[in-house]
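The residues making up each chain are set out below.
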Amino acid sequence: ETGVTQTPRHLVMGMTNKKSLKCEQHLGHNAMYWYKQSAKKPLELMFVYSLEERVENNSVPSRFSPECPNSSHLFLHLHTLQPEDSALYLCASSQDIGGTDTQYFGPGTRLTVL
Amino acid sequence: GIQVEQSPPDLILQEGANSTLRCNFSDSVNNLQWFHQNPWGQLINLFYIPSGTKQNGRLSATTVATERYSLLYISSSQTTDSGVYFCAVEYPARQLTFGSGTQLTVLP
C-alpha cells in the first residue's frame, strides 16, 4: 500500500448507528487531517493531528469523535448522526502542520445517513 | 474569516482547448495550493505556489500575492483533465481554507 488509504469507501448508516471511518498513511508524515466535503460547498477542515496530538478542532459537533492512536492511523468515530452529515469525508496527511507542506489526500469515504 | 472565490464555477471545453481558472482571496496569505479532484473524488495536489509562476507539463500556475489572486492555466486540455479544481490558502495559520472550486468538463 502506498499513499493515503481510507476504509470503507462507501457507508450507509441510520441515525442511531455507531460506525468508524479509518485512515492510514504510508508516507511517514507527522500530520493528519479530517475534512468534510458536502455537495456544492468547499472542503471544511474538521480535525488536525500532529504527532498524535489534536491541534485544531474547528467547532465540530460532538457526534464526530476523532482518534489518532499513532502517526500512521486516524479514525473518525460516528454516532447519532443527522441526515445533513451525509457527505464525502476525506483524510489527508502532510509531513508537518502548515500551509507550506503538501497535503496528500485519501480517496474518501462517501457517507449517507438515512 | 478569509474569502476564497474561484471563477468560473463551471467550464466546458472541447478537447485541445486552453483555459484559465482564477482564484481570488480577500486577505494576505503566506501560502497557496492548487488541487485537482477527479470524478471519483480523489484530490491531487498540483502546485504549491505562494508567489511567482510554476509549470508542470500542460499545467502552469501564477500567483500575484500583492494583488491577492492566482491563475491556473490548462493548455491542450484532455478528457482526463475533467474534474473540480480547487485553490486553497493557508488561513488561519497552519490550516488550509478551500475555495468552492471550478467544475471542468472536457468533451472528446
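Residues numbered from 1 in each chain as written. Chains lettered and ligands numbered in written order. Predicted model: local features only at pLDDT ≥ 70, side-chain atom pairs only at ≥ 80, totals over all residues. Heavy atoms only, no water.

Some remarks on the overall build of chain B
Move 1: Each helix and strand in chain B was counted, giving 0 helices and 11 strands.
Move 2: Helices and strands in chain B line up, N terminus first, as β-β-β-β-β-β-β-β-β-β-β.
Move 3: Computed over C-alpha atoms, the radius of gyration of chain B comes to 13 Å, within 12% of the 13 Å expected from 2.2 N^0.38 for 108 residues, which places it in the range of a compact globule.
Move 4: Seen along its three principal axes, the alpha-carbon backbone of chain B occupies a region of about 40 × 25 × 20 Å.
Move 5: Counting across all 108 residues of chain B, residues that qualify as buried make up 47%. (Helix = DSSP H or I, 4+ residues; strand = E, 2+ residues; numbered from the N terminus. Rg over C-alpha atoms; globule rule 2.2 N^0.38 Å. Buried < 20%, exposed > 50% of the residue type's maximum accessible area, 1.4 Å probe, protein only.)

What to know about the sheet that holds strand S1 (residues 4-7) of chain A
All names here are of chain A.
Move 1: If you walk across this open sheet you meet the 4 strands as S1-S3-S8-S7, and the pairing is antiparallel. Where the open sheet ends on each side, the last strands, each with one partner, are S1 and strand S7 (64-70). Ignoring which end each strand starts from, the neighbouring axes of this sheet average 20° apart.
Move 2: In terms of strand pairing, S7 meets strand S8 (residues 73-79) through 5 bridges, oriented antiparallel. Counted as the bridge partner of Glu 67 is Phe 75 from S8. (Pairing = 2+ DSSP bridges. Axes fitted to C-alpha atoms, helices over the stretch in contact; angles between N-to-C directions.)

Quick notes on the interface of chain A and chain B
Move 1: Contacts between the two partners involve 21 residues from chain A and, on the opposite side, 18 residues from chain B.
Move 2: Interface of chain A and chain B: buried area, both sides summed, is about 1700 Å²; carbon and sulfur atoms make up 52% of it.
Move 3: Counting the contacts that link chain A with chain B gives 0 salt bridges.
Move 4: Summed over the shared surface of chain A and chain B, the result is 3 residue pairs in polar contact (both at pLDDT 80 or more).
Move 5: Only strand S4 (31-37), strand S6 (53-57) and strand S9 (87-94) of chain A provide two or more residues apiece to the side of chain A that touches chain B.
Move 6: Along the lines of polarity and charge, the residues of the side of chain A that touches chain B split into 10 nonpolar, 8 polar and 3 charged. (Contact = heavy atoms within 4.5 Å. Buried area = accessible area lost by both parts, 1.4 Å probe. Salt bridge = Lys/Arg side-chain N within 4 Å of Asp/Glu carboxyl O. Polar contact = N/O pair within 3.5 Å; in protein donor to acceptor, adjacent residues only side chain to side chain. Nonpolar A, V, L, I, M, F, W, Y, C, P; charged D, E, K, R; others polar.)

Section: the state of the cysteines
Move 1: Scanning all chains against the criterion turns up 2 disulfides over all chains.
Move 2: Put simply, Cys 23 of chain A and Cys 91 of chain A are joined by a disulfide, and their sulfur atoms are 1.9 Å apart. What sets the handedness of the Cys 23 of chain A and Cys 91 of chain A disulfide is the S-S torsion sign, and at about -70° it is left-handed. Of this pair, Cys 23 of chain A sits in strand S3 (residues 18-25) while Cys 91 of chain A sits in strand S9, and the two are 68 residues apart along the sequence.
Move 3: For Cys 23 of chain A, a relative accessible area of 0% gives the class buried.
Move 4: Covalent S-S linkage joins Cys 23 of chain B and Cys 87 of chain B, the inter-sulfur distance amounting to 2.0 Å. Measuring handedness by torsion sign, the sulfur bridge of Cys 23 of chain B and Cys 87 of chain B sits at about 65° and is right-handed. In this pair, Cys 23 of chain B sits in strand S3 (residues 19-25) while Cys 87 of chain B sits in strand S9 (residues 83-90), placing the two residues 64 residues apart along the sequence. Accessibility classification places Cys 23 of chain B together with Cys 87 of chain B in one group, the buried group. (Disulfide = S-S within 2.5 Å.)

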